[in-house]
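Here is what each chain is made of, one letter per residue.
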Amino acid sequence: MGVSLLTSKAKLIVRSPHFWIIVVLFTLTTIGHYHELLQNVPVIGQISTGVFFGLGRHAWDRFVYIVIILYSAWIFGVKAGGVVLLASVLAMLPRAIFISPSPRDALFESLTAAFIGALLVLVVGAWRRIKEGQDKLQLTMANLRLSEEKYREIFQNASDAIWIHDLKGNITAANKASEKLTGY
């Protein structure tokens, strides 16, 4: 049962247009991140967000990875955000370590992007938990109001005389049957 549930959830995710937006953005960003290695490949070698915006470093690519991480966490939840975060780190690190002319700076920038992505995933998770708590509280309050209305209706329409008094003996509430019985 657990496997079929996972499979059906995975099918729903894969059928979502958001999933494909994330896949395309991630793929294009990764291709752009390694555009120096792919310059001789037709069409693919021309994809580079940094070159497109006139940027020499790969800071723009790292920013786009952060946006993709946030988008996936927002749409599909914390687990999906974590998966995209891990994939982004795995996509950024080889370039930072093996290709970059300044590996120390590139590694710092890549890990900083990963740290920011992780913080955003945590923030989205916290926001979702708060929202779920608010929704649950609103539902509980609505149920409480409904229960109170039902209680009042039962109290008012009971055929037995019912009254409520405080500790001093002052009557604070009485139903219709008490009115008929006492005349008050």
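Right above here is the structure, for reference.
Note that this is a predicted model, so its numbers are computed, not measured.

1. Quick notes on the layout of surface pockets
Inference 1: Of the voids in this model, the largest pocket is the one considered here, and its volume is about 440 Å³.
Inference 2: Considering the residues around the largest pocket, the lining is formed by 16 residues, among which Ile13, Phe76, Lys79, Ala80 and Val83 are closest to the centre.
Inference 3: Among the elements of the structure, helix 1 (2–15), helix 2 (17–33), helix 4 (59–76) and helix 5 (78–99) are those that each provide at least two residues to the lining of the largest pocket.
Inference 4: For the lining of the largest pocket, the element with the highest residue contribution is helix 5, accounting for 5 residues.
Inference 5: Grouping the constituent residues of the lining of the largest pocket by class yields 12 nonpolar, 2 polar and 2 charged.

2. Brief notes about the pairing of strand 2 (residues 171–174)
Inference 1: Summarising the sheet, strand 1 (residues 163–165) and strand 2 pair through 3 bridges and their orientation is antiparallel. Note on strand 2: the bridge partner recorded for Trp163 is Ala174.
Inference 2: The loop that links strand 1 with its antiparallel partner strand 2 comprises 5 residues; one of these, Gly169, has a positive phi angle of about 95 degrees.

3. Brief notes about helix 2
Inference 1: End to end, helix 2 covers 24 Å across 17 residues, agreeing with the expected 24 Å (1.5 Å per residue, within 8%).
Inference 2: Ile22, Phe26, Thr29, Thr30, Ile31, Gly32 and His33 are the residues of helix 2 that are buried.
Inference 3: In the core, the buried residues of helix 2 are packed alongside helix 4 and helix 5.
Inference 4: Between the side-chain oxygen at the start of helix 2 and the backbone nitrogen of His18 there is a gap of 3.1 Å, and the oxygen is on Ser16.

4. Re the nonpolar core
Inference 1: Core analysis: the biggest nonpolar cluster contains 17 residues, and Phe26, Tyr65, Ile68, Ile69, Val84 and Leu85 have the highest contact counts within it.
Inference 2: Those elements that provide at least two residues to this core are helix 2, helix 4, helix 5 and helix 6 (103–157).
Inference 3: Sorting elements by how many residues they give to this core places helix 4 first, with 6 residues.
Inference 4: Among all residues touching Tyr65, those that are not within four sequence positions of it are Phe26, Thr29, Thr30, His33, Ser88, Ala91 and Met92.

Analysis parameters
Residues numbered from 1 in each chain as written. Predicted model: local features only at pLDDT ≥ 70, side-chain atom pairs only at ≥ 80, totals over all residues. Heavy atoms only, no water. 1 Å grid on protein atoms, 1.4 Å probe; cavity = no way out; pocket = protein on both sides within 12 Å on 5 of 7 lines; lining within 4 Å. Points joined across faces, edges and corners; volume = space filled by probe spheres on them. Helix = DSSP H or I, 4+ residues; strand = E, 2+ residues; numbered from the N terminus. Nonpolar A, V, L, I, M, F, W, Y, C, P; charged D, E, K, R; others polar. Pairing = 2+ DSSP bridges. Expected span 1.5 Å × (residues − 1). Buried < 20%, exposed > 50% of the residue type's maximum accessible area, 1.4 Å probe, protein only. Contact = heavy atoms within 4.5 Å. Polar contact = N/O pair within 3.5 Å; in protein donor to acceptor, adjacent residues only side chain to side chain. Core = buried A, V, L, I, M, F, W, Y, C linked by side-chain atoms within 4.5 Å.

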